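Take a look at the letters that make up each chain.
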Amino acid sequence: MKIANKTVTATRLVKDALEKAKHFADYNIFTFIDEEGALKRAAEIDAKIARGENAGRLAGVPYALKDNFLSRRGDTTASAHILEGTASPIDATAVAKLEAEGAIMIGRTNLDAFAHGSSTENSYFGPTLNAYDKTRVAGGSSGGSAVAVALDIVEFATGTDTGGSIRQPASFNGIYGIKPTYGTISRYGVVAMASSLDCVGFFAKSPEDLDLVMSIAAGQDPKDMTSLPDYYDDDAYGDDASAGPAAASSPTVAGVPAGVPQAASPADAKAAKKIGIIKDFDNDVVNAEIREALRKKCKLLESKGHEIVELEMPTLKYALAVYYIIQPAEVASNLSRYDGIRYGFRSENSQDLDSVYKNTRDEGFMPENKRRIMIGNFVLSSGFYDAYFLKAAKARTMIINEYAAAFDKCDFILTPVSPNYAFKLGEKVNDPVAMYLEDLMSVSLNLAGIPGLAIPAGEAKDGNKLGLQLVGPRRSDKNLIAFAKELQDEND
Ligand code: GLN
């Protein structure tokens, strides 16, 4: 708006963002800063506005791009040595949509290589530091994007969430992050991790900003056959969006017949809701201050007339085990294409074709990437397929059913994002199982394909940020964002 009204130029906004990015260089947020490209785009937007043309809903808004999205600007490395020097001839669909509305990418952000991790310490380029305590991790895998938003360098940033990579770093840095319903935003042009779990989403400082970028990026894409119809197309929502007791009994928005899934309007968002709390997570595995933050939010909700219901979800404790079978299986398949021939880096030390493959993969992947390739090939091997992969696939269906049953009893679920807040750099990086345990509460949403929204929830005694996640049924994304506004608290 300020740009359209000519009170500020796109060039000024981009220059400010670039200056801040340089100022915070020691946080290791960016793998690449595109000063020249961003200023050129800003000049184009300013010229458009000077000519009186419509420059788009995000005209001149600087944003940061997780470095696993293809864009014609800069190499796409996914923070992995094996992809260094990989230029893209195309823009990912999400990138193309944001840029068509005038958003300006100022740089690419650091991640755990190939998005494998929960701290950004698995990056070939070194870890990103937490926005509130430089001795702690940024969270991951989208650590760079989260810190870029938390330090106010950009208004929003893209992320991918396969098992928590948007929600967990958002909560570690005190901002909002959404993992949409599987398929809401096209995955075309995004480096694949585990294709049945991967979701494109965003980081922002308010639910309103998330709503805006979601409405721009979402929608069906012929280039991604798993993509769903538009975010704002209510007819496309299916029955699930209005499922749940409150939706069935709440007053209908004027003019919309009962039974038709409704868009989130202020009236709908304010209707009394039933909020589920998962009893199975109320124990010592979860940090006491996070549990206290959850209780505080429940009180806030009750004071606004919402009802808290306790849920028993005994299958969720298996989600982590299921995830760490299905996800590596898909990783092993997706990473088989990096052979030193078609993309980026190729090992210099090879005499024949076999050693090109072997040495490139050995030198190019990070240890965590290799661990997942090995686990994935093991669980898919003919001797172990039935015992591991097939069993995990069946358990995944049980998790989907458990969530469906939970949403018969409540409209949304409120739960911690992870068992702990930001941990110390180096604390878990050499202990993969300890790192995997951090994903205890985030992965089940990806297995079930349902949306989750990380919201700020105050601070721990030592000043670190706490976060919670709001979880909804399939395609309730828009309603989740609308409801998050009710949970806003000035102390967060
Ligand atoms: N931390 C999880 C993992 O390591 C999730 C990563 C992600 O969502 N990309 O697999």
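Residues numbered from 1 in each chain as written. Predicted model: local features only at pLDDT ≥ 70, side-chain atom pairs only at ≥ 80, totals over all residues. Heavy atoms only, no water.

A. Highlighting the pairing of strand S7 (residues 274-278). Of all five residues in S7, four are buried; the element is thus mostly enclosed. Pairing analysis gives five bridges linking S7 to strand S8 (residues 307-311), with the strands arranged parallel. Following the sheet pairing, Gly276 is matched in S8 by Val309. Regarding topology, helix H9 (residues 288-303) serves as the crossover connection from S7 to the parallel S8, and that connection is right-handed. Relative to strand S9 (residues 412-416), S7 runs parallel, the two sharing three bridges. Note on S9: the bridge partner recorded for Gly276 is Ile413. (Buried < 20%, exposed > 50% of the residue type's maximum accessible area, 1.4 Å probe, protein only. Helix = DSSP H or I, 4+ residues; strand = E, 2+ residues; numbered from the N terminus. Pairing = 2+ DSSP bridges. Right-handed = clockwise from strand over helix to strand, strands pointing away.)

B. Local environment of the state of the cysteines. Under the definition given, this model contains zero disulfides. Its sulfur unpaired, Cys199 is 20 Å from the next cysteine sulfur, which belongs to Cys410. Among the residues examined, Cys199 registers a relative accessible area of 4% and is labelled buried. Not engaged in a disulfide, the cysteine Cys298 finds its nearest cysteine sulfur in Cys410; these two sulfurs lie 12 Å apart. Looking at Cys298, the relative accessible area reads 11%, which means it is buried. (Disulfide = S-S within 2.5 Å.)

C. Representation of the sheet that holds strand S3 (residues 104-109). The strand order S1-S3-S2-S4-S6-S5-S10-S11-S9-S7-S8 describes an open sheet built from eleven strands, whose pairing is mixed. Both edges of this open sheet fall to strand S1 (30-33) and S8, since each of them pairs with a single strand only. Ignoring strand direction, the axes of neighbouring strands in this sheet form an average angle of 30°. Strand direction decides the pairing type here: strand S2 (residues 62-66) and S3, joined by five bridges, are parallel. Bridging from a neighbouring strand, Leu65 pairs with Arg108 of S3. Lying over the sheet, helix H1 (residues 10-23) contacts S1, S2 and S3, oriented at roughly 15° with respect to S3. Docked against the sheet, helix H2 (residues 35-50) engages S1 and S3, running at close to 160° with respect to S3. (Axes fitted to C-alpha atoms, helices over the stretch in contact; angles between N-to-C directions. Contact = heavy atoms within 4.5 Å.)

D. Spotlight on the side chain of Arg475. Considering the arrangement of structural elements, one finds Arg475 in the loop between strand S11 (465-471) and helix H16 (477-484). An unpaired buried charge is present at Arg475: no salt bridge exists, and Asp477, the closest side chain of opposite charge, is 5.0 Å distant. One polar contact links the side chain of Arg475 to the main-chain carbonyl oxygen of Pro229, over a distance of 3.0 Å. (Lys, Arg positive; Asp, Glu negative; His and termini not counted. Salt bridge = Lys/Arg side-chain N within 4 Å of Asp/Glu carboxyl O. Polar contact = N/O pair within 3.5 Å; in protein donor to acceptor, adjacent residues only side chain to side chain.)

E. Region of the structure containing the packing of helix H10 (residues 319-334) against helix H12 (residues 367-380). For the pair H10 and H12, the least separation of the axes is 7 Å and the interaxial angle reads 105°. Put simply, H10 runs roughly perpendicular to H12. Judged by residue contacts, Tyr324, Ile325, Gln327, Pro328, Ala329, Val331, Ala332 and Ser333 of H10 engage Arg372, Ile373, Ile375, Gly376, Asn377, Val379 and Leu380 from H12. Looking at side-chain class alone, the contact of H10 with H12 contains ten nonpolar, four polar and one charged residues. (Parallel < 35°, antiparallel > 145°, perpendicular 65-115°, else oblique. Nonpolar A, V, L, I, M, F, W, Y, C, P; charged D, E, K, R; others polar.)

F. View of the packing of H1 against H2. At a minimum axis distance of 8 Å, the contact between H1 and H2 shows a crossing angle of 160°. By the criterion of interaxial angle, the relationship of H1 to H2 is roughly antiparallel. For the pair H1 and H2, the crossing hand works out as right-handed. Of the residues in H2, those touching H1 at Ala10, Thr11, Val14, Lys15, Leu18 and Lys22 are Glu35, Ala38, Leu39, Ala42, Ala43, Ile45 and Asp46. Among the residues making up the contact of H1 with H2, the classes are represented as eight nonpolar, one polar and four charged. (Left-handed = near helix turned anticlockwise from the far one by under 90°.)

G. Geometry of unusual backbone geometry. The residue after Gly140, namely Ser141, is reached through a cis peptide bond having omega 15°. Inspection of the secondary structure assignment puts Ser141 in the loop between S3 and helix H4 (143-150). Of note in the backbone geometry, Asp152 takes a positive phi value of approximately 65° without being a glycine. Inspection of the secondary structure puts Asp152 in the loop between H4 and strand S4 (156-161). Classification of Asp152 by relative accessible area gives partly exposed; the value is 37%. Phi at Arg475 is positive, roughly 65°, even though this residue is not glycine.

H. Inspection of H9 at higher detail. With 16 residues, H9 should cover 22 Å at 1.5 Å per step; its first-to-last C-alpha distance of 23 Å lies within 8% of that length. Buried within H9 we find Ile290, Arg291, Ala293, Leu294, Lys297, Cys298 and Leu301. Projection of H9 onto a plane perpendicular to its axis shows the buried side chains occupying an angular sector of 155°, all on one side. Opposite the buried face of H9, at more than 90 degrees from it, the exposed residues are Ala288, Lys296, Lys299 and Ser303. Contact partners of the buried residues in H9: S7, S8, S9, strand S10 (452-459), S11 and H16. Capping of H9 at its N-terminal end is provided by Asn287; its side-chain oxygen lies 2.7 Å from the backbone amide nitrogen of Glu289. (Expected span 1.5 Å × (residues − 1). Arc of directions from axis to C-beta.)

I. Broad picture of empty space enclosed by the protein. Scanning the model with the defined rule gives four cavities of 30 Å³ or more in all. As a volume, the largest cavity reaches approximately 90 Å³. As for the largest cavity, its lining consists of 15 residues, and the residues nearest its centre are Gly117, Ser118, Ser165, Tyr323 and Asp439. Classifying every residue of the lining of the largest cavity by side-chain character gives four nonpolar, nine polar and two charged. (1 Å grid on protein atoms, 1.4 Å probe; cavity = no way out; pocket = protein on both sides within 12 Å on 5 of 7 lines; lining within 4 Å. Points joined across faces, edges and corners; volume = space filled by probe spheres on them.)

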